[in-house]
Amino acid sequence: MHAVTLDEPDDFGGWRDAARRLAMAGVAPGEVDWRVGGGPGDLFAADSAPLPEASGAAFNVPRAFISLAQSVICHSDPERFTLLYALLCRLRREPKAIEDSADPRLQRLERMAKEVRRDIHKMRAFVRFREVADDDGTARDSLLLGPGSQPGARHETRFVAWFEPDHHIVRTNAGFFVRRFAGMRWSILTPELSVHWDGETLTESPGASRADAPEGDPVEEIWKTYYASIFNPARLKVGAMLKEMPKKYWKNMPETALVAPLIAGAREREVAMVAASARQLDRIEREGMARAETAEMAMQPGGNALAAWEALLEEAKGCTRCPLYKPATQMVFGEGPLDARIMFVGEQPGDQEDLAGRPFVGPAGVLFDRALAEAGVDRAQTYVTNAVKHFKFEPRGKRRIHAKPDAGEIEACRWWIEQERLLIRPPLTVALGATAARSLFGKAMTISRVRGAPMALPDDGGEAWVTVHPSYLLRLPDEAAKRVEYARFVGDLARIGERVKVLA
């Protein structure tokens, strides 16, 4: 019997190296005792032998097996290492075995991988950060600051979350939170492992208890107001809600305290909404209200969309998700009707937008308005916002020169764009430039390759188009080229205007 001791329960690299060596030496799956961190192995195993020297020929495995193994290693099933090694040994003999969907072992491994992916998704969806600081601004506990920090030392605000995963997914998932909250100092505490991000370095510490995490913070009241505002009793499906948001996660989520009373009053609210809508339609017919007033009333069954947008705006005003809030004058949020059929997403506010607190009011905004008018698109009927909500600049004397947002800043601001799209639900979203495209699609994109054609957004499948940012036209030094590119831009906007007419 050969014993293999892995450093951690999710040590894919250690398992892979040992499994390759064992397979090349021809060791059968039943002759390997897999252990984690020097813990007890098989109590009935014979005296363990050291790993043999690899004697067989090197071999390759399908990429699908590597992907499967990387997920399965994170599962909590103690048999996962043996099951994967058994499949690896079979693949040496039968490279096509990874396609044998009738194999019970493969079916079990695929179920395990699916459970891990679901656990990863739940962590991303249900982690709730809470602000941690004493009244004097000093951090409360070194446990929440990561290794090397001292209690009582002065620190910037830190955000802490508690989560109880079913599987060993914390290390695998940490990169997502680093990308998403790159500008925040945060900690995620779990019973098995805690991870900490200080804005530059990701560190680990031992597991924690629920008592180590904070219970709440002032921002949660704003979030509860927002959640209650977007609750739609007419679309309530309790079974589907519990499937996607199991009760085991509720204790970590402030909004779930509202679920029971909202459900209890759902039928009453639905009846009231129907009655209110009927009264509004009768009023519209009798008084011949203008479209703008009609659109505003359409937002008002229960006051949901307008109240939710106002709550979202209020929360955004205090945004500190990335460092850009510090030098900026103010946060610049989106604007436009909440029933807009087109949402335009730009890069970030410029100098004039930062001072005015409104998007697209500077030189690029003037050019944008002119192009929209020539394309036959009414800006007043569109919702206009930016991928990044604070102005990033470099001071040069008395001037503030635009600086391009980096990937971390774009990722930190994606949450606001997602919430705006969730509220407005535009049939068509337009990315103006590469920064906006990255925000919407979650990856870098080349404008010339994707420009002028409909694409599905990864989050909800909504339709999106990509074109240049108006500021690109302003930067062109050659007047002839500028005229050509401006005409192309107007053409893009005209096609977008025609396209939205046929979308449901």
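Bear in mind that the values here come from a model prediction, so they are computed numbers and not experimental data.

Our focus in this paragraph is the nonpolar core. Core analysis: the biggest nonpolar cluster contains 56 residues, and Phe333 and Phe344 have the highest contact counts within it. Excluding its chain neighbours within four sequence positions, the residues that come into contact with Phe344 are Phe368, Leu372, Thr382, Tyr383, Val384, Thr385, Val430, Leu432 and Leu493.

What follows deals with unusual backbone geometry. Trans is the prevailing form of peptide bonds, just as negative phi is the prevailing case for residues other than glycine. A positive phi angle, near 55°, is found at Phe360, a position not held by glycine. Here Phe360 lies in the loop between helix 12 (351-356) and helix 13 (363-375). Positive phi values are uncommon outside glycine, yet Arg425 reaches one of about 50°. Accessibility expressed as a relative area gives 51% for Arg425, which makes it exposed.

Strand order across the open sheet formed by five strands is 3-4-5-6-7, with mixed pairing between neighbours. Looking at strand neighbours, the two that pair on one side only are strand 3 (130-132) and strand 7 (202-206), the edges of this open sheet. Averaged over all pairs of adjacent strands, the angle between strand axes in this sheet comes to 25°, irrespective of strand direction. With five bridges connecting them, strand 4 (residues 158-162) and strand 5 (residues 185-189) associate as parallel partners.

A word on helix 2 (residues 63-72). Owing to its 3.6 residues per turn, the α-helix aligns residues three or four sequence positions apart on the same side. What helix 2 keeps buried is the set Phe65, Leu68, Ala69, Ser71 and Val72. The arc enclosing the buried residues of helix 2, seen along the axis, measures out at 160°, which places them on a common side. Where helix 2 is buried, its residues touch helix 1 (12-24), helix 3 (80-93) and helix 4 (104-126).

Moving on: the pattern of salt bridges. With the rule as written, the count across this model stands at 33 salt bridges. Note that Glu485 is salt-bridged to Arg451, the shortest N-O span being 3.7 Å. Within this pair, whereas Glu485 is found in helix 18 (residues 479-502), its partner Arg451 is found in the loop between helix 16 (447-450) and strand 13 (455-456), the two being separated by 34 residues in sequence. Summarising the burial analysis for this pair, Glu485 and Arg451 share the class buried. With a closest N to O distance of 3.8 Å, Arg488 and Glu485 form a salt bridge. A residue pair is termed a helical-turn pair when its members lie 3 or 4 positions apart in one helix, as Arg488 and Glu485 do in helix 18 at three residues. For Arg488, a relative accessible area of 43% translates into the label partly exposed. You can call Glu485 buried: its relative accessible area is 14%.

Attention now goes to the packing of helix 1 against helix 3. Taken N-terminus to C-terminus, the directions of helix 1 and helix 3 make an angle of 45°; their axes are 10 Å apart at the nearest point. Relative to helix 3, the element helix 1 lies oblique. Seen along the crossing, helix 1 lies across helix 3 with a hand that is right-handed. Along the contact surface, helix 1 presents Trp15, Ala19, Arg20, Leu22, Ala23 and Met24, while helix 3 presents Phe81, Leu84, Tyr85, Leu88 and Arg92. Looking at the contact of helix 1 with helix 3 residue by residue, the class counts come to nine nonpolar, no polar and two charged.

Okay, the environment of Glu411 next. Looking at where Glu411 falls in the secondary structure, it is placed in helix 14 (residues 407-424). On the basis of relative accessible area, Glu411 is assigned to the buried category, the value being 15%. Considered as a pair, Glu411 and Val178 are 233 residues apart in the sequence and their alpha carbons are 9.5 Å apart.

Ordered by their spatial adjacency, five strands build an open sheet running 9-8-12-14-13, and the pairing between neighbours is mixed. Edge positions in the open sheet fall to strand 9 (383-386) and strand 13, since each of these has one partner strand only. Bridge analysis of strand 13 against strand 14 (residues 463-467) gives two bridges, and the strand direction is antiparallel. Residue pairing in the sheet places Met455 in a bridge with Ala464 of strand 14. Taken strand by strand, helix 14 contacts strand 8 (342-346), strand 9 and strand 12 (428-432), and its axis lies near 165° from that of strand 9. Along the sheet face, helix 15 (residues 434-441) touches strand 8, strand 12, strand 13 and strand 14 and points at about 135° away from the line of strand 12.

Parameters at a glance
- Residues numbered from 1 in each chain as written.
- Predicted model: local features only at pLDDT ≥ 70, side-chain atom pairs only at ≥ 80, totals over all residues.
- Heavy atoms only, no water.
- Core = buried A, V, L, I, M, F, W, Y, C linked by side-chain atoms within 4.5 Å.
- Buried < 20%, exposed > 50% of the residue type's maximum accessible area, 1.4 Å probe, protein only.
- Contact = heavy atoms within 4.5 Å.
- Helix = DSSP H or I, 4+ residues; strand = E, 2+ residues; numbered from the N terminus.
- Pairing = 2+ DSSP bridges.
- Axes fitted to C-alpha atoms, helices over the stretch in contact; angles between N-to-C directions.
- Arc of directions from axis to C-beta.
- Salt bridge = Lys/Arg side-chain N within 4 Å of Asp/Glu carboxyl O.
- Parallel < 35°, antiparallel > 145°, perpendicular 65-115°, else oblique.
- Left-handed = near helix turned anticlockwise from the far one by under 90°.
- Nonpolar A, V, L, I, M, F, W, Y, C, P; charged D, E, K, R; others polar.

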